[in-house]
Amino acid sequence: MLEKIKQFFLHENDTKDHVLSEEKKRLAAAALLIEVAIIDQEFDQAEFDAMQKILENQFGITTEECQQLISLAQLECEASTSTYQFTQLINQYSSAQDKIALITGMWAIAYADGDLDKYEEYIIRKVADLLHVSHSDFIHAKHTARSNRNLAC
């Protein structure tokens, strides 16, 4: 399993660079979503379901691929000491729209259990700053996620 994680961060050759960059972006995004889910010490089924839906929709992957991605991201989060390595990859391989979609997804996970924790808000704000997401986009993402949650209820 650790070997799979290492493969996400190694460049084998230039022809595989695009594939590797997409895999790195997916892993980094999943890790950041997990950070929101676990920061309040309660990673419940609603947060897991929201994360799986976000990853499947954002990256167009199957449920099986998504579960593998989440498992790898959980391992990477456990081994990580900060979010910087993940935000660096997102900055390197993502567009501004991808970054806003990620922040919206982070808000969706924070709202998934019906209780916005101050630590969840803190980590989302920190990541948004590291991704250079404007304050207006940060607030818009928050309102979008909260509205979508209210519509789903």
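Residues numbered from 1 in each chain as written. Predicted model: local features only at pLDDT ≥ 70, side-chain atom pairs only at ≥ 80, totals over all residues. Heavy atoms only, no water.

**Looking at the overall build of the protein chain**
Each helix and strand counted, the protein chain has 8 helices and 0 strands in total. For the protein chain, the residues scored as buried account for 42% of the 153 residues in total. Counted over contacts in the protein chain with a minimum sequence separation of 6, partners at least 24 positions apart contribute 68%. Counting every atom, the protein chain has about 8,400 Å² of accessible surface; 50% of that belongs to carbon and sulfur. (Helix = DSSP H or I, 4+ residues; strand = E, 2+ residues; numbered from the N terminus. Buried < 20%, exposed > 50% of the residue type's maximum accessible area, 1.4 Å probe, protein only. Contact = heavy atoms within 4.5 Å. Areas by Shrake-Rupley, 256 points an atom, 1.4 Å probe, with all protein chains shown as cover.)

**A short note on the packing of aromatic side chains**
In this structure the tally under the stated criterion is 3 aromatic pairs. Between Phe-43 and Phe-48, the ring centres sit 6.2 Å apart and the planes meet at 50 degrees, which makes this aromatic pair tilted. A residue is classified by how much of its surface remains accessible, and Phe-48, at 22% relative accessible area, is partly exposed. Taken together, the ring pairs in this structure connect Trp-107, Tyr-111 and Phe-138 into an aromatic cluster. (Phe/Tyr/Trp six-rings, centres within 6.5 Å; stacked < 30°, edge-to-face > 60°.)

**Some points on the nonpolar core**
Among the nonpolar cores identified, the biggest contains 43 residues, and Leu-55, Ile-103, Met-106, Trp-107 and Ile-124 are the most heavily contacted of them. Secondary structure elements with two or more residues in this core: α2 (17–38), α3 (45–59), α4 (63–79), α5 (84–93), α6 (96–112), α7 (118–130) and α8 (135–152). For this core, the element with the most residues is α2, which contributes 10 residues. Not counting the four nearest positions on each side in its chain, Trp-107 is found in contact with Leu-116, Glu-121, Ile-124, Phe-138, Ala-141, Lys-142 and Ala-145. (Core = buried A, V, L, I, M, F, W, Y, C linked by side-chain atoms within 4.5 Å.)

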